[in-house]
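Architecture and fold: a report
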Amino acid sequence: MTDVIVGSVDEIPLGEGRTFAVDGAQIAVFRLRDGSLRAVDAVCPHKGGPLADGLSDDRVVVCPLHGHSFDLSSGVESAGAAMSVRSYPVAVSDGAIRINLRPV
């Protein structure tokens, strides 16, 4: 089974992110201001920064430690560097956050 329910959408305020432990991994789920969700690996590959604590908008999240930014849809670093994080399909079903563990 690749779909996992990690919690309630109400756990994440609009415009913020939260980290969930999923099958041995840490995944950051962001609830954008329009209510849609995005999910990426929760740990920055540069120095291990907690991405769910970073500033985010409708396109990117900025690592709170060193300012690397990652596209919330693809996981690719916005500056075009070689770093990236995995992104995951995520949806809400009856108020529950459902993450598909197959990376996008």
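Relevant structure appears above.
Residues numbered from 1 in each chain as written. Predicted model: local features only at pLDDT ≥ 70, side-chain atom pairs only at ≥ 80, totals over all residues. Heavy atoms only, no water.

With respect to the sheet that holds strand β2 (residues 16-22)
The strand order across the open sheet built from 4 strands is β2-β3-β4-β8, with neighbouring strands paired in antiparallel fashion. Every interior strand has two partners, whereas the edge strands, β2 and β8 (87-88), have only one. The pairing of strand β3 (residues 25-31) with strand β4 (residues 37-41) spans 5 bridges and is classified as antiparallel. Note that in β4 the partner of Phe 30 across the bridge is Arg 38. (Pairing = 2+ DSSP bridges. Helix = DSSP H or I, 4+ residues; strand = E, 2+ residues; numbered from the N terminus.)

Let's talk about the pattern of salt bridges
This structure, assessed with the given rule, holds 2 salt bridges. Two residues, Glu 16 and Arg 18, come together in a salt bridge whose shortest N-O distance is 3.1 Å. Since its relative accessible area comes to 35%, Glu 16 is described here as partly exposed. The class of Arg 18 is partly exposed, set by a relative accessible area of 31%. Notably, a salt bridge pairs Arg 86 with Asp 41, separated by 3.1 Å at the nearest N-O pair. On the criterion of sequence distance, the pair formed by Arg 86 in the loop between β7 (69-71) and β8 and Asp 41 in strand β4 is long-range, its members being 45 residues apart. (Salt bridge = Lys/Arg side-chain N within 4 Å of Asp/Glu carboxyl O. Buried < 20%, exposed > 50% of the residue type's maximum accessible area, 1.4 Å probe, protein only.)

Digging into the nonpolar core
Nonpolar side chains in soluble globular proteins tend to be buried together. Among the nonpolar cores identified, the biggest contains 14 residues, and Ala 28, Phe 30, Leu 51 and Phe 70 are the most heavily contacted of them. In this structure, Ile 12, Val 22, Ala 39 and Ile 97 belong to the second largest nonpolar core, which totals 13 residues. (Core = buried A, V, L, I, M, F, W, Y, C linked by side-chain atoms within 4.5 Å.)

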